[in-house]
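Results of the structural survey
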Amino acid sequence: MVFQSYALFPTMTVYENIAFGLQVQKMDKEEIRKKVVEMGKKVDLNEEQLKKKVSELSGGQQQRVAIARALVKEPRLLLLDEPLSNLDARLRLEMREEIRRIQLQTQVTTIFVTHDQEEAMSISDHIVLMKDGVMQQFDQPQVLYDDPANQFVADFLGNPPINNIPGIVRGGVFTTEDGKASVALPMLEKVPDGAKVSLSVRSESFTVQPDGAPGTLQCQVTGVFKTGKEEMAAFLFGDVPFRAYIDLEEGLQKGQTVSLGLKKRGVFVFDRETGRRYV
C-alpha cells in the first residue's frame, strides 16, 4: 500500500526505505541490493539518490520512494490511497503519467483511490464511481463520460462540469421552470409527460445553427472568453445560465441572440428527483 502521506521512515536512507520489507522477509543481502537498484531505476531514482535521506528529497521523489517500497516486494495487488494529493499541480500531472508508466511496466493490478476526476480518467483502465459507499457505475473511463448511468455520474465527470437546465417535459417539448424558454427535441419522446427533468448538456455538445432553426435553443450571449484555440461562451436559456465551447470562427458577441443545436453525444435527460436517466 502507498499512503497519502507516503509514510516513509525519515531516519532511513532511500535505499533502506525501499529495502525494509525485503529485510523483514530476511532475504539475502545481495538479492536485496539487486532488487532495490532495479526498482530504483524503474521509478527514476539513481544510485546516488538511493544514498540520500528521504528528508532531502522533493515531494515527487518521496512519492517514487513510496511506490518503489511497495513494488519491490512484487505484490499481486497495489493499493494507492490518494497518493498525489500532497503535490502541486504540475508535479501531480508528471507523477500521474509516471504511475501509469510504472503500472504498465510492472503489470501489477492496482487500485487507485482519488477524488480527482482527471486523475481517474487519465490513469485507469476501469473506474468504480462511488457515492456514500454505494457503487454508481463501473466501466471504462470514456464510457462513464459518454454514457453516465445517472445524474451523479454525469455531474462528477467533466471539466467544466456538465450544464444542467431544470425544466418540465410536455408533449416532447422541454420548457424551463420559469416558462420563459422551450425547445422541441425528438429525444424527449421517451420522457413521460409532466416529468420534472434536468436537460444536461456537456459544454462541447452545442453547435451554432441558423437563426430560428427547428430543435434549437434560442439563447442570449452573456459573455465570451477566448482560451487560445477555443472560445468559451456564457449563455442564458430563459433565465438559466450555462457555458459552451464554440468555434472561434463564429465570432460571438456579448448581447447577441443565437440558435444553439445539440449534438447526439453528450446530451442527457435525468429525472430531477431521483437522478435516474431517461435518455
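The structure this text deals with has already been given above.
Fair warning: this is a prediction, and the values are worked out from it, not measured in the lab.

1. Concerning the overall build of the protein chain
Helix and strand content of the protein chain: 8 helices and 14 strands. For the protein chain, whose C-alpha radius of gyration is 25 Å, the value lies well above the compact-globule estimate of 19 Å for 279 residues. With respect to the three principal axes, the spread of C-alpha positions in the protein chain is 75 × 40 × 25 Å. Sequence-distant contacts, at least 24 apart, represent 62% of the contacts inside the protein chain between residues at least 6 apart. Surface summary for the protein chain: the accessible area is close to 15,100 Å², and the carbon and sulfur share equals 50%. Here the protein chain contributes 35 positive and 39 negative side-chain charges, whose respective centroids are spaced 4 Å apart.

2. Examining the pattern of salt bridges
Considering all chains together, one arrives at 14 salt bridges under this definition. Measuring nitrogen to oxygen at the nearest pair gives 4.0 Å for the salt bridge that ties R64 to D44. Taken together, the positions of R64 in helix α4 (residues 59–71) and D44 in the loop between α2 (29–42) and α3 (47–50) put the pair 20 residues apart, joining distant regions of the chain. Using a relative accessible area of 15% as the deciding quantity, one classes R64 as buried. Residue D44 is classed as partly exposed on the basis of its relative accessible area of 48%. Between E98 and R101 there is a salt bridge, with the nearest N and O atoms lying 2.4 Å from each other. Of this pair, E98 and R101 are both found in helix α5 (residues 89–106), 3 residues apart, which corresponds to roughly one turn of the helix. The exposure class assigned to R101 is partly exposed, which follows from its relative accessible area of 33%. Within the structure, one salt-bridge network assembled from shared partners comprises D44, R64, E98 and R101.

So, how was this worked out
- Residues numbered from 1 in each chain as written.
- Predicted model: local features only at pLDDT ≥ 70, side-chain atom pairs only at ≥ 80, totals over all residues.
- Heavy atoms only, no water.
- Helix = DSSP H or I, 4+ residues; strand = E, 2+ residues; numbered from the N terminus.
- Rg over C-alpha atoms; globule rule 2.2 N^0.38 Å.
- Contact = heavy atoms within 4.5 Å.
- Areas by Shrake-Rupley, 256 points an atom, 1.4 Å probe, with all protein chains shown as cover.
- Lys, Arg positive; Asp, Glu negative; His and termini not counted.
- Charge placed at Lys NZ, Arg CZ, Asp CG, Glu CD.
- Salt bridge = Lys/Arg side-chain N within 4 Å of Asp/Glu carboxyl O.
- Buried < 20%, exposed > 50% of the residue type's maximum accessible area, 1.4 Å probe, protein only.

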